[in-house]
Amino acid sequence: MDFRDSGPSQRSLVMLAAVACVIQVALSPQISIFGGRFNAMLVLAGTLALTGNAPRAVYVGFFAGLFYDLTASVPVGLMTLLLTIGSFALSHVSNAGTTGFSSTSIRLFFVFSIVVCLANGIGLLLLGYEGDILISLGAHGLMSALLSCALAVPFLMVAGSANQGRGGFTAKGKGGTRFKSSSSGKRLRNLR
């Protein structure tokens, strides 16, 4: 296991999780726009899945989905399943190069959010929690996805700022860069 993870630091991970839990419990039930609500757990799982660390994405997706299921009036296990599978898929699609606030991360998160929220709406319809397909897909699906995407912007910014100070592979370093010559195998040093 590589301990020099390219994702957000542990401190920012705990901070993002705490803020998401507070938003999910305190703010999300109070705000409803056209029947859609913020899903802070989806935002947390998607933001951390964009780092490309699949095991952590699966764990965070599972526990975030379980927290959502236990704090909302929905069937327990539906969002847990969706966020676990969705986080795993998103972590493999993102390939660790999309951490932070970029156009690629926003597009990937938007697709992730739409797929998970529409699948949740279909699940609510099939389980009998919703009676109308338009309300199920429109309110619980599309509007919740759009609200969650709006909420994801600050989360992606925090995840990106936590990643900037970290060491990684870069051509800039102390003392210049090193190149390996293929013909002689000697190391040449290109000083600034």
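All figures in this text were calculated on a predicted structure; none of them were measured in a lab.

Cut-offs used in this document
Residues numbered from 1 in each chain as written. Predicted model: local features only at pLDDT ≥ 70, side-chain atom pairs only at ≥ 80, totals over all residues. Heavy atoms only, no water. Helix = DSSP H or I, 4+ residues; strand = E, 2+ residues; numbered from the N terminus. Areas by Shrake-Rupley, 256 points an atom, 1.4 Å probe, with all protein chains shown as cover. Buried < 20%, exposed > 50% of the residue type's maximum accessible area, 1.4 Å probe, protein only. Contact = heavy atoms within 4.5 Å. 1 Å grid on protein atoms, 1.4 Å probe; cavity = no way out; pocket = protein on both sides within 12 Å on 5 of 7 lines; lining within 4 Å. Points joined across faces, edges and corners; volume = space filled by probe spheres on them. pLDDT = per-residue confidence, 0-100. Core = buried A, V, L, I, M, F, W, Y, C linked by side-chain atoms within 4.5 Å. Axes fitted to C-alpha atoms, helices over the stretch in contact; angles between N-to-C directions. Parallel < 35°, antiparallel > 145°, perpendicular 65-115°, else oblique. Nonpolar A, V, L, I, M, F, W, Y, C, P; charged D, E, K, R; others polar.

## Observations regarding the overall build of the protein chain
Consideration 1: Counting its secondary structure elements, the protein chain contains six helices and two strands.
Consideration 2: Taken from N to C terminus, the helices and strands of the protein chain fall in the order α-α-α-α-α-α-β-β.
Consideration 3: Of the roughly 11,000 Å² that the protein chain leaves accessible, carbon and sulfur atoms contribute 66%.

## So, the environment of proline 75
Consideration 1: Here proline 75 is to be found in the loop between helix H3 (54–71) and helix H4 (78–94).
Consideration 2: Judged by its relative accessible area of 11%, proline 75 is buried.
Consideration 3: Sequence separation between proline 75 and glycine 128 is 53 residues, and the spatial gap between their C-alpha atoms is 9.9 Å.
Consideration 4: In contact with proline 75, not counting residues within four places along its chain, are Asp69, Leu124, Leu127 and Tyr129.

## Here we look at the layout of surface pockets
Consideration 1: In this model, the largest pocket occupies a volume close to 400 Å³.
Consideration 2: Along its surface, the largest pocket is lined by 21 residues, and Arg37, Tyr68, Ala72, Val74 and His140 are the ones closest to its centre.
Consideration 3: Among the secondary structure elements, those contributing two or more residues to the lining of the largest pocket are H3, helix H5 (103–126) and helix H6 (133–164).

## A short note on the side chain of serine 148
Consideration 1: For serine 148, the position within the fold is in helix H6.
Consideration 2: Judged by relative accessible area, which is 0%, serine 148 ranks as buried.
Consideration 3: When near neighbours in sequence (up to four residues on either side) are disregarded, serine 148 contacts Arg37, Phe38, Asn39, Leu42, Val43, Phe109 and Ser113.

## Brief notes about the confidence of the model for the protein chain
Consideration 1: Considering every residue of the protein chain, the mean pLDDT works out to 78; 75% of them sit at 70 or more.
Consideration 2: Predicted confidence is poor over residues 165–192, with pLDDT under 50, and the contacts of this stretch with residues over four places away or in other chains come to 26 contacts.

## Overview of the side chain of serine 144
Consideration 1: If you trace the backbone, serine 144 turns up in helix H6.
Consideration 2: Those residues in contact with serine 144, other than ones at most four positions away along the chain, are Gly36, Arg37, Cys117 and Ala139.

## Observations regarding the nonpolar core
Consideration 1: Judged by nonpolar contacts, the single largest core of 38 residues is most densely connected at Leu83 and Phe109.
Consideration 2: Taken together, the elements giving at least two residues each to this core come down to helix H1 (10–27), helix H2 (40–49), H3, H4, H5 and H6.
Consideration 3: Ignoring sequence-local partners within four residues, the contact set of leucine 83 consists of Met41, Leu42, Ala45, Gly61, Ala64, Gly65, Phe112 and Val116.

## Here we look at the environment of serine 105
Consideration 1: Along the chain, serine 105 falls in helix H5.
Consideration 2: Considered as a pair, serine 105 and serine 94 are eleven residues apart in the sequence and their alpha carbons are 7.8 Å apart.

## A word on the packing of H2 against H3
Packed helices, taken two at a time, are described by their axes: the angle between them and the distance between them.
Consideration 1: Put simply, H2 and H3 touch, their axes get as near as 9 Å, and they point 175 degrees apart. Taken as axis vectors, H2 and H3 run roughly antiparallel relative to one another. Contact residues: Met41, Leu44, Ala45, Leu48 and Ala49 in H2; Ala57, Val60, Gly61, Ala64, Phe67 and Tyr68 in H3.
Consideration 2: Residue composition of the contact of H2 with H3, grouped by class: ten nonpolar, one polar and no charged.

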